[in-house]
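Close look at the chain arrangement
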Amino acid sequence: GSDAEMCAQVVVVGLHPETVDGEVPVQAGSASVAKTHFAVGLRDDKVWVQDLESTNGTVIEDAAGRRAKLTAGRRTVIADSASVTFGDQTATISYG
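Structure report, in brief. (Residues numbered from 1 in each chain as written. Predicted model: local features only at pLDDT ≥ 70, side-chain atom pairs only at ≥ 80, totals over all residues. Heavy atoms only, no water.)

**A closer look at the sheet that holds strand 2 (residues 24-27)**
With mixed pairing, five strands are arranged side by side in an open sheet as 2-1-3-4-7. Where the open sheet ends on each side, the last strands, each with one partner, are strand 2 and strand 7 (76-78). Going from strand to strand, the sheet's axes swing by 30 degrees on average, the running direction of each strand aside. With four bridges joining them, strand 1 (residues 10-14) and strand 3 (residues 38-43) adopt antiparallel strand pairing. Within the sheet, the bridge partner assigned to Val 10 lies in strand 3 and is Gly 41. (Pairing = 2+ DSSP bridges. Helix = DSSP H or I, 4+ residues; strand = E, 2+ residues; numbered from the N terminus. Axes fitted to C-alpha atoms, helices over the stretch in contact; angles between N-to-C directions.)

Right, here's the structure in full:
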């Protein structure tokens, strides 16, 4: 995988992500990943993930194994070292 460093910015992940206003695109995935699948950002020292209306959805899982499917368009704050599953791909987001 690849590492994307976030410095108070938004990272957009997808097969061919479209970005605006200084967002950082990260290309990842396969045919099961939407063109522009999800975004990750930092606000008030907390990291959030937002599904960007993807067809297959985005699922987060914390260190205790609790899973939750994200509501498209809604930012969800995640814990350090949470896993994000998008299509058939999984990424771990560490920031602690």
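Anyway, onward from the coordinates.
**Some words on the nonpolar core**
Among the nonpolar cores identified, the biggest contains 15 residues, and Phe 38, Val 49, Ile 78, Val 84 and Ile 93 are the most heavily contacted of them. Breaking this core down by element, the ones donating at least two residues are strand 1, strand 3, strand 4 (46-51) and strand 8 (82-86). At three residues, the largest contribution of residues to this core is made by strand 8. When sequence neighbours within four positions are dropped, the list of residues in contact with Val 84 reads Phe 38, Val 49, Thr 58, Val 59, Ile 60, Gln 89, Thr 90, Ala 91 and Ile 93. (Core = buried A, V, L, I, M, F, W, Y, C linked by side-chain atoms within 4.5 Å. Buried < 20%, exposed > 50% of the residue type's maximum accessible area, 1.4 Å probe, protein only. Contact = heavy atoms within 4.5 Å.)

**Digging into the sheet that holds strand 5 (residues 58-61)**
Sheets are built from strands that pair by backbone hydrogen bonding, the pairs being arranged parallel or antiparallel. Reading across from one edge, 6-5-8-9 is the order of the four strands in this open sheet, with antiparallel pairing throughout. Edge positions in the open sheet fall to strand 6 (67-69) and strand 9 (89-93), since each of these has one partner strand only. Neighbour to neighbour, the strand axes of the sheet diverge by 20 degrees on average, direction disregarded. Of the strand pairs in this sheet, strand 8 and strand 9 are connected by five bridges, and their pairing is antiparallel. Within strand 9, the residue paired with Ser 83 across the bridge is Thr 92.

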